[in-house]
Structure formats: structure tokens, C-alpha cells
Amino acid sequence: MVINDEFYMSLAIVEAWKYQLLTYPNPAVGAIVLKKGELLSLEAHQQAGLAHAEVLALKSAYLKKNPTSRLENITSPFEIYDYLKQNHNGFFEDCEIFITLEPCNHTGKTPACSDLLVALKPKRVIISVLDPNKKASGGIEKLKSCGIEVTTDICKKQGEDLLFPFLRYMSGKFLFFKLATRANGSIDGGYITSKESLTYVHQLRSVIDTLVIGGNTVRIDRPTLDCRFIENGKSPDVLIYSNQKEFDREIPLFNVANREVKISNSLDFTNGCVMIEGGYRLLEHLYNQIDMLVLLISPNFKNSNDILLSELKFDILYTKRIGDDELIFMKKRL
């Protein structure tokens, strides 16, 4: 097998997909460090406010060759940055850094990754796609101006697919529909997917701005819609999508602390990252307003009259296993 830039970039992209949507409002990003052809690290950004992918990859690479370093116990992005800057001793000068997104050129909750790369002076930086965020872009120019070789557009299509949710969010609003089904398409009768999938959904709930749920589901299922499967998760604000405004206020979702619940038959006033949870009817009704479908498929079967809506057209962006289930990210076909 020929090992080339595309091979390593594809590994970084796959790693980043593990955290897709969970990094909101940041994009999902993966990174790899090679030293003289040896793969030292493969990392991805995991959560907004934590270290970016390239910082984690640089840290892991350094520790692989310096396992007793006190860097092992440093988690703050700024402290990792300072330690590597002061102690690299030319370690990265024969390294190649693969990053799915142009390194950020902005200091906020984390330091600018472009500044760290300039300080470490790697042999080459390989990038899949440029940063569409003008506030954070400019990293490529900074690297080149300091004499670092930069290669771009590697696995560009796959990199753009990975970045799709962030691009939609940058346009003003990103709406995605989460649907869980059994292998035969049934969606009724309690929990459908595995505990791992339920945990993932609760992780999504903890980072989104608004959770949308249909009025009939609220009345019939009487859900809580919290994040109880994860530690320290913030339960999202809820929009009940309904023409009818009257609901039993004893339904658990109304009694979750620090939550705002609205009732409306319009999504026009929602902003940021919006997740819709529901079934086929709600998906069909809101199809023209959503950007992406997140489909969780259980391997189980159950007799049902549910029918998959084959007339709704989606293109698959990425698919992976999560517990016993299949997780599929699908972009609405334009």
C-alpha cells in the first residue's frame, strides 16, 4: 500500500467524525503528527474550550518520545502551548503536521494554533480545507511567512463534508433532525437504540442551543428531555412545535431547572444550533427547513406500520458504529 498525504489526512478526518456536533460552536477537527514517517499521534478536538486538535496531537507526539515529561498532566490549552514552546528543543523540526482545517489564527478561549506551529517550526503542515471563519483565518499565510512549507486541499471533499455543520452554523443557523429507528423502520414503543446511542444523544442535547419536539410527542410520551446520561450536562431549552398552546405543566420537561420552554408552530425565531427530535411525520413536515439528518439505526426489529419516507432525499456524509447501532450523518439533497 502506498502511504501518501491522502492516507494520513483520511485518518485525521475519521478521528474528527468521532466528535462531530459535540464540539459546537467549534468545528470538528482532526490532526496527526508524523516524525520521519513515523505516526506519533492522532487526535481530535473534543469540546469547545478545550485544546484544539493540533495542540492535542503535538502534545501526544512529544509525550510518545518523552513519556516522563510533566506535560502528561497538563490539560490547559494555554499551559500546553507554553510548555511546548519553552521545551520543544527542535523536536518538531523534522515533523509533518496533518490538520483537517486551517490552524486558527485567533486567541480566545484557547491560544492561536498558528502561533504555536510557528514557534515549533515543523517541516511541513498539510491542510484539508481553509477556515471559513474570517475571525480565525489567516493561519496559512502566517505559516508560509515564517518559512514553513504548507500543502492544502488534501482530501478536500471529505474535509468539506466534515465541516458542513459548521458552515451551516456560520451562515446563521444549523438545524438537524435526530431520528432513531429499528432495522425494519419501526420507531414506536419506548427506547429503540443502545445505551451508547442514548448517551450520545444526551451529549448532543448538552451542547445545542435549542431542542425542538413535536406537540403530540410531548402529550403522549410525557418526556423529560434532559441530559441525565452524562455528568454535568446542561439540559437544553425546548421549543414545542405545535399549533395548540395548552399542555399539562406536570409533564417532566416543564420542570427541568434553568430551562426555557416555548410553544410555537414556527422555527423562524430559533438561532444557533437546533436539534429536532421526532418521527417520520415531523421529519416530513420540517424537511424543507432542516440541513442534516442524524439517523440512529438499531439492529432490532419490531412489528410496525411505520414506513420510511423514501421520497425525502439525503446524501450520506459519514457513517459509523455506536454501541450496537449504526450512526449515519446525512445532508439534505438540494
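Heads up: the structure comes first, above all this text.
Asks: Got a minute to help me understand the environment of K178 in this structure?
Replies: Its place among the elements puts K178 in strand β6 (residues 173–181). For K178, a relative accessible area of 12% corresponds to the buried category. For the pair K178 and G190, spaced 12 residues apart in sequence, the C-alpha separation works out to 16 Å. Setting aside its immediate chain neighbours within four residues, K178 contacts V201, M275, I276, E277, G278, V294 and L296. Polar side-chain contacts of K178 include one of 3.4 Å to the side chain of E277.

Asks: Would you mind going over unusual backbone geometry with me for this structure?
Replies: Only a minority of non-glycine residues have a phi that is not negative, and only a minority of peptide bonds are not trans. The peptide bond linking Y24 to P25 adopts the cis configuration, its omega dihedral lying at 5°. Following the sequence through the fold, P25 ends up in the loop between α1 (5–17) and β1 (30–35). For K36, which is not a glycine, the phi torsion comes out positive at approximately 55°. We classify K36 as exposed; its relative accessible area is 73%. For N89, which is not glycine, the phi dihedral falls at a positive 50°. As for its placement among the helices and strands, N89 is situated in the loop between α3 (77–87) and β3 (95–101). Of the residues examined, N89 reaches a relative accessible area of 71% and is grouped as exposed.

Asks: Quick question: what am I supposed to make of the packing of helix α2 (residues 53–65) against α3 here?
Replies: Angle between the axes and distance between the axes: these two values describe a pair of packed helices. Taken N-terminus to C-terminus, the directions of α2 and α3 make an angle of 50°; their axes are 11 Å apart at the nearest point. Between α2 and α3, the interaxial angle falls into the category oblique. Handedness of the α2/α3 crossing: left-handed. For the pair α2 and α3, the contacting residues are V55, L58, K59 and Y62 in the first and I80, Y83, L84 and N87 in the second. Looking at the contact of α2 with α3, its residues break down into six nonpolar, one polar and one charged.

Asks: Mind showing me how you'd approach the pairing of β6 here?
Replies: Along any regular strand, the residues point their side chains to alternate faces of the sheet. β6 sits mainly inside the fold: nine of its nine residues count as buried. Burial along β6 is two-sided: the face carrying K173, L175, F177, L179 and T181 and the face carrying F174, F176, K178 and A180 are both buried. Inspection of the sheet shows β6 paired to strand β10 (residues 272–277) by six bridges, in the parallel sense. Residue pairing in the sheet places K178 in a bridge with E277 of β10.

Asks: What exactly am I supposed to notice about the sheet that holds β6 here?
Replies: Adjacent strands of a sheet form backbone hydrogen bonds with each other and so pair up, either parallel or antiparallel. Overall, mixed pairing links the eight strands, which are arranged β9-β8-β7-β10-β6-β11-β13-β12 in an open sheet. Looking at the sheet topology across the chains shown, the edges are occupied by β9 (261–264) and β12 (314–322). Strand-to-strand, the axes of this sheet are offset by a mean angle of 20°, without reference to chain direction. Bridge analysis of strand β7 (residues 210–214) against strand β8 (residues 237–241) gives five bridges, and the strand direction is parallel. Its bridge partner being in β8, T210 is matched across the sheet by D237.

Scoring rules and cut-offs
- Residues numbered from 1 in each chain as written.
- Predicted model: local features only at pLDDT ≥ 70, side-chain atom pairs only at ≥ 80, totals over all residues.
- Heavy atoms only, no water.
- Helix = DSSP H or I, 4+ residues; strand = E, 2+ residues; numbered from the N terminus.
- Buried < 20%, exposed > 50% of the residue type's maximum accessible area, 1.4 Å probe, protein only.
- Contact = heavy atoms within 4.5 Å.
- Polar contact = N/O pair within 3.5 Å; in protein donor to acceptor, adjacent residues only side chain to side chain.
- Axes fitted to C-alpha atoms, helices over the stretch in contact; angles between N-to-C directions.
- Parallel < 35°, antiparallel > 145°, perpendicular 65-115°, else oblique.
- Left-handed = near helix turned anticlockwise from the far one by under 90°.
- Nonpolar A, V, L, I, M, F, W, Y, C, P; charged D, E, K, R; others polar.
- Pairing = 2+ DSSP bridges.

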